[in-house]
Amino acid sequence: MLDQTSITAFGHFIGGRVVDRAESGGIDVLDPSTGKIFARLPRGGQAEVDKAVSAARAAFEGGWGEKTALERGRILMRLGTRVTENAGKLAELECRDTGKPMKQARADIAAAARYFEYYGSAADKLHGETIPYTKGMTVMALRVPHGVTGHIIPWNYPAQIFGRSVGGALAAGNACVVKPAEDACLTPLMFSELAVEAGLPAGALNIVCGLGSEAGVALAAHTGINHISFTGSPQTGTAVARAAAENHVPVTLELGGKSPQVIFADADLDEALPVIVNAIVQNAGQTCAAGSRVLIERAIYDDVLARLAERFSKLKTGAGADDLDCGPIVSARQLQRVTQLVEAALADGARVVAKAAMDADAPEGGFYYPPLLLDGAAPESRLARDEVFGPVLAAFPFNDEKDAIRLANATPYGLTASVWTRDGGRQMRCANAVDAGQVFINNYGAGGGIELPFGGMKRSGYGREKAFEGMISFTTIKTVVLKHG
Ligand code: NAD
């Protein structure tokens with residue numbers, strides 16, 4: 001799939017084919033494990049977005065729009081199969097593009113395949129309702145696709161987020177225009193070619209590569225789009241929602257979090273601690289649902305901190321291909337952001353409890369940041385409230401259940417949370433009281449599985465993706481009132 005020695009030129013995918021391969025110029029794609037260029041993307045803008053939206057509209061009003069739900073579902077199922085058949089090559093590409101360890105890259109490709117299968121099998125289960133109204137009339141609430149959907153996706157999980165967003169939209173009958181992130185987007189480009197092999201008609205799926213400030217802005221403001229799904233930072237989410245509002249286009253926003261992992265003194269620590277460490281180290285902490293705050297009942301604070309420190313000090317950071325505990329950060333820019341946030345936290349009074357080791361064989365030039373465990377940060381500090389988007393876990397003590405819930409909710413975000421306790425009553429009280437779109441009791445799976453509705457409260461965004469709910473987000477209701485006497 002990739003030449004290991006030279007730079008591979010990728011193109012946009014518009015109207016069923018690859019166009020404008022970036023032979024020269026364009027956007028350099030760096031391998032985060034080495035800092036070296038290995039691929040190049042074209043730098044699309046308004047003109048390419050216009051072409052992609054026109055191609056999508058033609059598909060929606062033509063061949064793709066005429067497909068039955070069963071036919072759409074079968075195409076998506078075949079795409080899932082093609083992704084599974086190519087899983088090895090796709091995982092290598094995802095690992096090189098994002099820097100994530102191979103086991104994570106493999107899991108992401110398997111999840112992407114599952115999204116296509118899940119939504120493929122769900123396509124013909126989507127239906128509207130009839131409503132009892134007056135005698136002589138039948139009222140139908142038809143569930144219909146929006147039309148052309150825009151998808152702006154980030155660099156942290158390109159394969160998975162493409163799968164969940166585009167899978168749901170295509171299953172519901174929309175035609176899609178995708179603007180993936182400039183830092184990492186190669187697996188979505190490969191998926192588009194596999195989609196052709198799976199029988200997806202030209203124009204049903206289009207991908208425009210480019211910068212957020214050019215192609216992203218053009219897509220968010222496009223008058224030919226009927227719905228936008230955005231995953232990324234709160235600031236960009238605001239800009240996208242504002243641009244969409246000018247056209248009265250509905251938006252789904254998934255904007256990250258500052259997810260609390262709450263440990264009560266009665267928790268099973270042997271079970272909790274490895275999960276809590278993984279929740280922040282997974283994907284080098286570049287996960288919207290990363291468990292970035294650990295809240296520990298005061299009675300066990302010192303003991304838990306010592307046990308977490310021991311685990312952190314054993315973690316190894318290195319090249320994605322070496323498949324250690326933690327890979328590099330995606331880019332030099334993000335590495336600088338993480339470094340500055342931690343430096344500011346230390347200057348504010350936070351203390352390093354433990355730092356993971358670098359692998360001696362990690363290549364020079366990679367964007368590495370070994371996992372870090374901190375405590376002593378003030379609850380109102382940036383470290384306690386803002387996304388670091390790196391492998392940095394901040395610990396805080398709490399006094400009792402009320403205090404735990406107060407602290408858990410003391411950020412602008414509300415994406416996910418975990419609560420560790422054996423007390424059945426407290427489990428449900430906490431689940432009800434914590435502001436989060438997903439709450440895990442005595443377990444944690446950042447973002448949850450394909451089948452679990454996912455999305456935020458508060459500044460984490462609105463709307464839901466994943467699960468059947470995610471497909472419904474890509475539809476609207478048309479009410480038909482039939483008078484028949
Ligand atoms: P970003 O929000 O700027 O980028 C996400 C996507 O939006 C990319 O495809 C980008 O090209 C596009 N984009 C950027 N500006 C745009 C605009 N004005 N209009 C339309 N599209 C635009 O995120 P980033 O700069 O890559 O990362 C910055 C921070 O965002 C991270 O440190 C992290 O805190 C957060 N982030 C969160 C998630 C998440 O899953 N919630 C994912 C990535 C980044």
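Residues numbered from 1 in each chain as written. Predicted model: local features only at pLDDT ≥ 70, side-chain atom pairs only at ≥ 80, totals over all residues. Heavy atoms only, no water.

Which entries qualify depends on this criterion: UniProt positions are given in the numbering used here, feature names are shortened, and annotations may be inferred rather than shown by experiment.
The protein carries the name Aldehyde dehydrogenase family protein in an unreviewed UniProt entry, which gives Allomesorhizobium camelthorni as its organism. Word for word, the UniProt comment on the protein under Sequence similarities (unreviewed entry) is "Belongs to the aldehyde dehydrogenase family."

Side note on the overall build of the protein
Which entries qualify depends on this criterion: By definition, any uninterrupted DSSP run of H or I lasting at least four residues is a helix, any uninterrupted run of E lasting at least two residues is a strand, and each is numbered from the N terminus. Taken over C-alpha atoms, the radius of gyration is set against a globule rule of 2.2 Å times the number of residues to the power 0.38. Only protein chains enter the accessibility calculation, which uses a 1.4 Å probe; a residue whose area is less than 20% of its type maximum is buried, one above 50% is exposed, and one in between is partly exposed. The contact rule is simple, with two residues in contact once any of their heavy atoms fall within 4.5 Å. The Shrake-Rupley method, run with a 1.4 Å probe, gives the accessible areas here. Residue values count only the displayed protein chains as cover. Positive charge is attributed to Lys and Arg, negative charge to Asp and Glu, and no charge count is given to His or to the chain ends. To locate a charge, take NZ of a lysine, CZ of an arginine, CG of an aspartate or CD of a glutamate.
Across its full length, the protein holds 15 helices and 25 strands. For 485 residues, the compact-globule estimate of 2.2 N^0.38 gives 23 Å, and the protein sits close to it at 23 Å. The principal-axis extents of the C-alpha atoms in the protein amount to approximately 70 × 65 × 40 Å. Counting all 485 residues of the protein, 58% fall into the buried class. Within the protein, counting contacts between residues at least 6 apart in sequence, those at least 24 apart form 74% of the total. Summing over all exposed atoms, the protein offers an accessible surface of approximately 18,800 Å²; the carbon and sulfur share of this is 52%. Here the protein contributes 48 positively and 53 negatively charged side chains, and the mean placements of these two sets differ by 5 Å.

With respect to a nonpolar patch on the surface
Put simply, the rule reads: A patch is a set of surface residues, each over 30% in relative accessible area and not in a salt bridge, joined within 9 Å for like charges and within 5 Å for the nonpolar side chains Val, Leu, Ile, Met, Phe, Trp and Tyr. Salt bridges are defined by distance alone: a side-chain nitrogen of Lys or Arg within 4 Å of a carboxyl oxygen of Asp or Glu.
On the surface, a cluster of nonpolar side chains totalling about 210 Å² of accessible area is made up of Ile7, Leu30 and Ile37. Position of isoleucine 37 relative to the elements: it lies in strand E5 (residues 36–41). On the basis of relative accessible area, isoleucine 37 is assigned to the partly exposed category, the value being 35%.

Quick word on the site of the ligand
Note the threshold: If a single non-hydrogen atom of a residue is within 4 Å of a molecule or strand, that residue counts as near it. Whenever two N or O atoms come within 3.5 Å, that pair is a polar contact, provided that in protein one can donate a hydrogen and the other can accept it, and provided that, for residues adjacent in sequence, both atoms are side-chain atoms. Under the scheme applied here, ten amino acids are nonpolar (Ala, Val, Leu, Ile, Met, Phe, Trp, Tyr, Cys and Pro), four are charged (Asp, Glu, Lys and Arg), and all others, including Gly, are polar.
For the ligand, the set of nearby residues contains 27 residues, the closest of which are Trp155, Lys179, Glu182, Ser233 and Arg337. The contact in question runs from an oxygen atom of the ligand to an N or O atom on the side chain of glutamate 182, over 2.6 Å. In the environment of the ligand, an oxygen atom lies 2.8 Å from a nitrogen or oxygen atom belonging to the side chain of serine 233. In isolation the ligand exposes 800 Å². Once the protein is present, 89% of that is buried. Within the residue set of the shell around the ligand, elements represented by two or more residues are helix H7 (212–220), strand E11 (227–231), helix H8 (234–246) and helix H11 (332–347). Taken together, the residues of the shell around the ligand sort by class into 12 nonpolar, nine polar and six charged.

Overview of the UniProt feature "active site" (unreviewed entry) in the protein
Under the present numbering, the feature "active site" (unreviewed entry) in UniProt falls on Glu254. Locating glutamate 254 in the fold gives a position in strand E12 (residues 251–254). Residue glutamate 254 is classed as buried on the basis of its relative accessible area, which comes to 5%. In this view, glutamate 254 contacts Arg164, Phe230, Thr231, Gly232, Cys288, Leu415, Phe454 and Ser460; residues no more than four positions away in its chain are not counted.

Observations regarding the packing of aromatic side chains
Each aromatic ring pair is summarised here by two numbers: the centre-to-centre distance and the angle between the ring planes. Condition: Working definition: rings of Phe, Tyr and Trp (its six-membered ring) pair if their centres are within 6.5 Å, and the pair is stacked with planes under 30 degrees apart, edge-to-face with planes over 60 apart, and tilted otherwise. Note on criteria: charge over ring means Lys NZ or Arg CZ within 6 Å of the ring centre, with the direction from the centre no more than 35 degrees off the ring normal.
Under the criterion given, the structure shown has eight aromatic pairs. Taking 6.5 Å as the distance between ring centres and 10° as the angle between the ring planes, the aromatic pair formed by tyrosine 115 and tyrosine 119 counts as stacked. Of this pair, tyrosine 115 and tyrosine 119 both sit in helix H4 (residues 102–122), four residues apart, roughly one helical turn. Accessibility expressed as a relative area gives 1% for tyrosine 115, which makes it buried. Since its relative accessible area comes to 0%, tyrosine 119 is described here as buried. Seen from their ring centres, phenylalanine 264 and phenylalanine 398 are 5.1 Å apart, and the 70° between their planes marks the pair as edge-to-face. Note that phenylalanine 264 is positioned in the loop between strand E13 (260–263) and helix H9 (269–281) and phenylalanine 398 in strand E19 (residues 392–398), a separation of 134 residues in sequence. Judged by its relative accessible area of 0%, phenylalanine 264 falls in the buried class. Of note, arginine 426 hangs over the ring of phenylalanine 264, and the distance from its end group to the ring centre comes to 4.1 Å. Sitting over the face of the ring of phenylalanine 454, lysine 466 holds its NZ or CZ atom 4.5 Å from the ring centroid.

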